[in-house]
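# Structure at a glance
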Amino acid sequence: LNLADSYYGNEEYEEARFQYLKFLELYPKYPHIDTVMYRMAMSSFLRMRPDNRDQSITQEAIRDFETFLLTHPQSQHFRDVLQKIIYCKNKLAAHELGVGKFYFQQGAYHAAISRFDRLLKTYPAIYFRDEVLFYQGESYLREESQEKATEVFQALISQFPDSPFAKEAQKRIVRVR
């Protein structure tokens, strides 16, 4: 445990996670096992990469945090872990948005629409849902699916009336008619 904590303190998070995992396997009844699991999950969390890079470590952090929630619902770290999971899921969603926008910029509207649709289904509570809806509607519009574009834009306007994307969506609807 001291070795793991030493790695953690020196910001060598990959080694720290490995040592915490080893400790968990050897001493599952340790009285402060929740803190060990929390530190192991944080070792993944602190290694996460930017949104436009591979997100496998973010997925690892989510798995670690979710395991923590299932095994230690009474822990002092519980509330922080919930917030970290939300952060990680928003990060994964931001990555998906970036990929969808890349397809959009390349003119691959069908691929962009699929990506945006999956993003909205997988992460229904993301804080940038209005942006995703806008780009999905704009992709339909450029694909010449005016009816579908109008449907998406209207959903955007009704769900996020104060969003700058809603104002742009309103302009697009007027132009389509």
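Residues numbered from 1 in each chain as written. Predicted model: local features only at pLDDT ≥ 70, side-chain atom pairs only at ≥ 80, totals over all residues. Heavy atoms only, no water.

Helix and strand content of the protein chain: 9 helices and 0 strands. Beginning at the N terminus, the succession of helices and strands in the protein chain can be written as α-α-α-α-α-α-α-α-α. In terms of C-alpha radius of gyration, the protein chain reaches 21 Å, well past the compact-globule figure of 16 Å for 177 residues. C-alpha extents for the protein chain along the principal axes are approximately 65 × 30 × 20 Å. Taken over 177 residues, the protein chain has a buried fraction of 46%. Across the protein chain, every contact between residues at least 6 apart in sequence was considered, and the portion connecting residues at least 24 apart equals 48%. As displayed, the protein chain offers around 10,400 Å² of accessible surface, 50% of which is attributable to carbon and sulfur atoms. Side chains of the protein chain give 24 positive and 24 negative charges; the mean places of these two sets differ by 3 Å. (Helix = DSSP H or I, 4+ residues; strand = E, 2+ residues; numbered from the N terminus. Rg over C-alpha atoms; globule rule 2.2 N^0.38 Å. Buried < 20%, exposed > 50% of the residue type's maximum accessible area, 1.4 Å probe, protein only. Contact = heavy atoms within 4.5 Å. Areas by Shrake-Rupley, 256 points an atom, 1.4 Å probe, with all protein chains shown as cover. Lys, Arg positive; Asp, Glu negative; His and termini not counted. Charge placed at Lys NZ, Arg CZ, Asp CG, Glu CD.)

At their nearest, the axes of helix H3 (residues 33–45) and helix H5 (residues 78–105) sit 12 Å apart, and the two run at 25° to each other. The pairing of H3 with H5 is recorded here as roughly parallel in orientation. Of the two elements, H3 crosses H5, and the hand of that crossing is left-handed. Of the residues in H5, those in contact with Tyr38, Met42 and Phe45 of H3 are Asp80, Val81, Lys84, Tyr87 and Cys88. Counted by class, the contact of H3 with H5 contains 6 nonpolar, no polar and 2 charged residues. (Axes fitted to C-alpha atoms, helices over the stretch in contact; angles between N-to-C directions. Parallel < 35°, antiparallel > 145°, perpendicular 65-115°, else oblique. Left-handed = near helix turned anticlockwise from the far one by under 90°. Nonpolar A, V, L, I, M, F, W, Y, C, P; charged D, E, K, R; others polar.)

Here we come to the packing of aromatic side chains. With the rule as written, the count across this model stands at 15 aromatic pairs. Between the aromatic rings of Phe45 and Phe65, the centroid separation amounts to 6.0 Å while the plane-to-plane angle is 65°, which identifies the pairing as edge-to-face. Taken together, the positions of Phe45 in helix H3 and Phe65 in helix H4 (residues 56–71) put the pair 20 residues apart, joining distant regions of the chain. By relative accessible area, Phe65 is classed as buried at 0%. (Phe/Tyr/Trp six-rings, centres within 6.5 Å; stacked < 30°, edge-to-face > 60°.)

Bringing unusual backbone geometry into the picture now. Positive phi, normally seen in glycine, also occurs at Glu11, with a value near 60°. With respect to the element layout, Glu11 can be found in the loop between helix H1 (2–9) and helix H2 (13–26). Non-glycine residue Glu144 carries a positive phi angle of around 65°. Here Glu144 shows up in the loop between helix H7 (129–142) and helix H8 (146–159).

Turning our attention to the environment of Glu131. Relative to the helices and strands, Glu131 is located in helix H7. The sequence separation of Glu131 and Leu97 amounts to 34 residues, and the corresponding C-alpha distance is 8.8 Å. In contact with Glu131, not counting residues within four places along its chain, are Leu97, Lys101 and Phe165.

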